[in-house]
Amino acid sequence: MTQTALYQPSAEWQANAHVKGMAAYQSLVDEADRDYEGYWARLAREFISWKTPFTQVLDSSEAPFFKWFADGRLNASYNCLDRHIEAGKGDKTALIFEADDGAVARVSYSELLTRVAQLANALKARGVKKGDRVVIYMSMSVEGVAAMQACARIGATHSVVFGGFSAQSLRDRIQDAGAVMVITADEQQRGGKALPLKAIVDEALEGGSCPTLKDVIVYKRTGGKINWVEGRDLWLHDVTQGQASTCEPEWVEAEHPLFLLYTSGSTGKPKGVQHSTGGYLLHAALTTKWTFDLQDSDVFWCTADIGWVTGHSYITYGPLALGGTEIVFEGVPTYPDAGRFWQMIEKHKVTVFYTAPTAIRSLIKAAEGSEAVHPARYDLSSLRLLGSVGEPINPAAWEWYHKHVGGSRCPIVDTFWQTETGGHMITPLPGATPLVPGSCTLPFPGITTAIVDELGNDVPNGQGGILVVKKPWPSMIRTIWNDPERFKSSYYPAELKGYYLAGDGAIRDADTGYFTITGRIDDVLNVSGHRMGTMEIESALVSCTELVAEAAVVGRPDDTTGEAICAFVVLKRARPHGDEAKAIAKQLRDWVAKEIGPIAKPKDIRFGDNLPKTRSGKIMRRLLRNVAKGESVTQDTSTLENPAILEQLGQAY
Ligand code: WT7
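Residues numbered from 1 in each chain as written. Predicted model: local features only at pLDDT ≥ 70, side-chain atom pairs only at ≥ 80, totals over all residues. Heavy atoms only, no water.

Taking an unreviewed UniProt entry as the reference, the protein is identified by name as Acetyl-coenzyme A synthetase belonging to Roseateles koreensis. Under the Sequence similarities (unreviewed entry) heading, UniProt states for the protein: "Belongs to the ATP-dependent AMP-binding enzyme family." The protein has a UniProt comment under Cofactor (unreviewed entry) that states "Mg(2+)". (UniProt positions renumbered as here; feature names shortened; annotations may be inferred.)

Next up, the structure:
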C-alpha cells in the first residue's frame with residue numbers, strides 16, 4: 001500500500017471546526033491517555049443532561065460486561081428533545097422529511113416532542129412498561145423516528161427491524177427479543193412503488209408463533225388495502241388520538257438497554273446487540289459533533305435507514321441530541337432518477353452529507369452513463385463536509401466523490417465502526433486530520449484501536465493483523481440478548497488479552513500510522529454495506545429440504561456492491577444443466593429472499609455433485625473463494641477428497 005495523495009484541512013477548517021487542527025486532536029488523545037476515566041467523565045457531563053449525576057465512571061468488576069456511569073440516571077428522549085426546547089429552540093426544525101414522491105414536511109423540536117409524547121402515552125396506555133421490548137418494522141418516516149424516541153421516553157427497549165427483512169427474519173427477532181408490541185406501517189413507499197409491511201407482520205405472527213406479542217400498531221402511510229386482526233391491530237392515529245401532549249420521561253439508569261439491534265455473525269443465528277442508554281448516547285452525540293463538525297446552522301443528511309445502526313446513531317440519536325436539523329428521506333437514490341441525492345442536496349441546501357460507498361459507486365456508474373444525473377448538473381455549493389460508512393471506500397470512488405460531489409473543497413470522513421461499537425471508532429476529524437483516500441485514518445480521541453496478531457501481541461506498522469480495541473469505551477455493546485456466552489466468545493476470546501475483537505483485518509501505514517481496513521476475518525460478508533453471515537445464508541438454503549442437500553456460501557469482490565454472495569449447492573437430485581439449472585437457481589434465490597430477505601439473495605448459484613472437502617469432511621471455503629472469483633486454483637489440492645470437483649463448480653450452466 002502506498003499512501004500518496006494527502007489532503008490537508010484548509011486554514012478555514014482548522015480555524016472553525018470543533019476540533020481545530022492536529023494539535024487539538026493530539027491533546028484530546030493525550031488527555032484520554034493520561035486519565036481515561038476522567039476524559040470520558042468530562043465529556044459525559046458536557047454532552048448529556050443527567051437527572052441524577054453519576055459518581056462512578058467505568059466499572060470493570062464483571063469484565064467483559066463493562067458498565068459506564070452506572071449510578072447516573074437520564075432519559076435519551078429528554079436529551080434529544082426537551083432540553084433544546086427548554087433552551088429556547090422549540091421552533092427550530094428538527095426533521096426535514098422528504099417523501100418518495102418529493103413531498104416535504106418540516107417538523108420542529110416542539111412538534112416532534114408533542115408527537116413523541118402522545119405516542120409514548122399511547123404505548124403506556126397499552127401497558128408497555130420500562131424494560132419491555134418493542135419491535136419497530138417501519139420505513140423511513142417521521143413516525144419511525146418518533147416511535148424510537150417514544151420507546152426511549154418510557155424506558156421500553158426498541159428493536160428496529162429493517163423493512164427489507166422477511167416475515168421469517170422478523171418472527172425470529174420478535175421471538176428472541178420477547179417483544180410485546182410491533183409498530184409498523186400499512187405499506188412503505190419506495191421508488192414509486194408501494195411495498196407491504198403490515199402483510200409481512202401478519203405472516204410473521206401467523207399461528208400464534210409469538211406468544212409475548214400483544215399489540216400491532218399500524219401507521220397509515222399509503223392507505224393500501226391490508227388485512228386487520230381485531231383485538232390485536234390498532235391504528236397509530238387512533239391510539240394517539242386524545243393523548244396528552246406531555247409525558248414525563250422515565251429516568252433510567254445509564255446501563256438501561258436503550259435498544260437491541262440484530263446483526264449477523266459467524267453462526268446461522270443473528271445476534272441481538274444490546275446497547276446502553278448513557279454511554280451509547282454520549283458517543284452518538286460526541287461523534288456527531290466532532291466527526292461531522294455539526295454546527296447549529298447545518299443541514300445534516302445521513303442517508304442510512306433507521307433499520308441499521310447508522311440510522312440509530314446518526315439520525316435518531318446523535319443529531320437530535322445536539323439539537324441539529326436533519327433530513328429524513330423515504331425513497332431511494334435512483335428514483336425518479338439517479339440524480340435524486342444531488343437534487344435533494346440542492347433543494348434543502350444540505351451542508352453535511354453521509355452515505356455509503358456502494359451508493360456512491362452506483363451513482364458514479366449512472367452519472368457516467370447519463371449527463372442528466374451527473375452531480376455537475378446540480379448546485380451542490382451548500383455542502384461543506386462529506387462522509388462515508390459501511391465498507392472500505394476504494395480510492396477511485398473517494399476521488400470522484402471528493403471532486404464531483406464535494407467540489408474538491410469538502411473533506412471526506414471515512415468512518416469505520418460497527419453495530420457493536422455504537423459510533424465511530426476510526427475516522428478523520430475534518431478540521432484536523434490530513435486525508436488519504438481509502439484510509440479511515442486515525443482512532444477517534446479516547447478510542448484505543450490497535451492491530452495485533454492471533455495472541456494479542458502488537459504488530460508493527462506496515463504489517464497487517466487483527467483489529468482490536470484495547471480498552472472498553474462508553475458506547476460498546478453490553479451483551480448479546482439472551483446469550484452472554486456468545487458475547488464473550490465472539491468479542492472477548494481468551495487468547496486476545498482482554499481486547500475487544502472487531503472481526504476485521506487491518507493494516508497501519510508504516511509512515512503515518514493510518515489505518516486501512518482490509519475486510520472481515522470471520523464468515524461475515526458485506527454486500528452493499530449490508531452485513532450478512534455466510535452461515536445464515538447456508539442455513540436458509542439447506543432449509544429448502546425438498547431440493548437442497550448441502551450448501552456453502554462465500555463472498556467474491558463486486559465492483560458495485562463491494563462483495564457479492566456466491567452459493568455452491570448440492571441438490572438432492574442430479575446436477576441440473578441449462579434452463580433447468582437457471583430455473584432452480586431462481587427458485588433458490590426466491591427461497592432465500594423469503595427466509596431472510598431480498599438483500600440476502602445469492603448473486604451466483606453454482607451446482608455441483610458435491611463440495612470440495614478435506615478427508616475429514618471440512619468444506620474448503622478458501623478454494624471456493626477462488627472458484628467464485630473465476631480464478632484457477634493454483635494451490636495444493638492434494639488434501640482434497642475430490643479435487644475434480646473444483647473444475648465442475650467453476651462451470652457456468
Ligand atoms: C462492518 C460493520 C458502521 C455502520 C454500518 C455497518 C465494515 C464499516 C467501514 C469503513 C471499512 C467498514 C467493517 C465492519 N465497515 N465501516 N469505513 N471502512 N469497513 O455496520 O453492519 O455492523 O458492519 O462494516 O467490516 O466490521 P455493520
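Now that the structure has been shown, we can carry on.
Glancing now at the UniProt feature "modified residue: N6-acetyllysine" (unreviewed entry) in the protein. Per the UniProt annotation, the sites labelled "modified residue: N6-acetyllysine" (unreviewed entry) are K618. With respect to the secondary-structure elements, K618 resides in the loop between β30 (604-607) and α18 (621-629). Beyond its immediate sequence surroundings of up to four residues, K618 is in contact with P612 and K613. (Helix = DSSP H or I, 4+ residues; strand = E, 2+ residues; numbered from the N terminus. Contact = heavy atoms within 4.5 Å.)

To continue, consider the state of the cysteines. Throughout the structure, instances matching the rule amount to zero disulfides. Here C210 stays unpaired: no disulfide links it, and the sulfur of C151, its closest cysteine neighbor, is 17 Å away. The class of C210 is buried, set by a relative accessible area of 7%. Distance from the sulfur of C247, which forms no disulfide, to the nearest cysteine sulfur (C151) is 12 Å. (Disulfide = S-S within 2.5 Å. Buried < 20%, exposed > 50% of the residue type's maximum accessible area, 1.4 Å probe, protein only.)

Turning next to helix α16 (residues 534-542). Within α16, the full set of buried residues consists of T534, E536, I537, E538, A540 and L541. Turning to α16, the residues buried within the fold contact β26 (524-527), β27 (530-533), β28 (548-558), β29 (562-571), α17 (578-595) and α18.

This next bit is on the sheet that holds strand β18 (residues 352-355). With mixed pairing, the seven strands of this open sheet are ordered in space as β5-β4-β17-β16-β18-β19-β20. Whereas interior strands pair on both sides, the edge strands pair on one side only; in this sheet they are β5 (104-108) and β20 (412-415). Pairwise comparison of adjacent strand axes, ignoring direction, gives a mean angle of 20° for this sheet. The sheet contact formed by strand β4 (residues 93-98) and strand β17 (residues 325-329) spans four bridges and is parallel. The residue of β17 that forms the bridge with F97 is V328. (Pairing = 2+ DSSP bridges. Axes fitted to C-alpha atoms, helices over the stretch in contact; angles between N-to-C directions.)

Note on placement: P270 falls in the loop between β14 (259-263) and β15 (271-275). Separated by 297 residues in the primary sequence, P270 and A567 place their C-alpha atoms 19 Å from one another. Residues contacting P270, with those up to four places away along its chain left out, are R173, Y262, T263, R486 and E536.

Moving on, we come to the site of the ligand. Around the ligand, a shell composed of 17 residues is seen, among which D414, T419, D504, R520 and R531 lie nearest. G390 is positioned such that a nitrogen or oxygen atom in its backbone is 3.2 Å from a nitrogen atom of the ligand. The contact in question runs from an oxygen atom of the ligand to an N or O atom on the side chain of Q418, over 2.9 Å. Starting from 550 Å² of accessible surface for the ligand in isolation, the protein chains cover 95%. Those elements that place two or more of their residues in the shell around the ligand are α11 (309-321), β20 and β25 (515-520). Grouping the constituent residues of the shell around the ligand by class yields six nonpolar, six polar and five charged. (Near = heavy atom within 4 Å. Polar contact = N/O pair within 3.5 Å; in protein donor to acceptor, adjacent residues only side chain to side chain. Areas by Shrake-Rupley, 256 points an atom, 1.4 Å probe, with all protein chains shown as cover. Nonpolar A, V, L, I, M, F, W, Y, C, P; charged D, E, K, R; others polar.)

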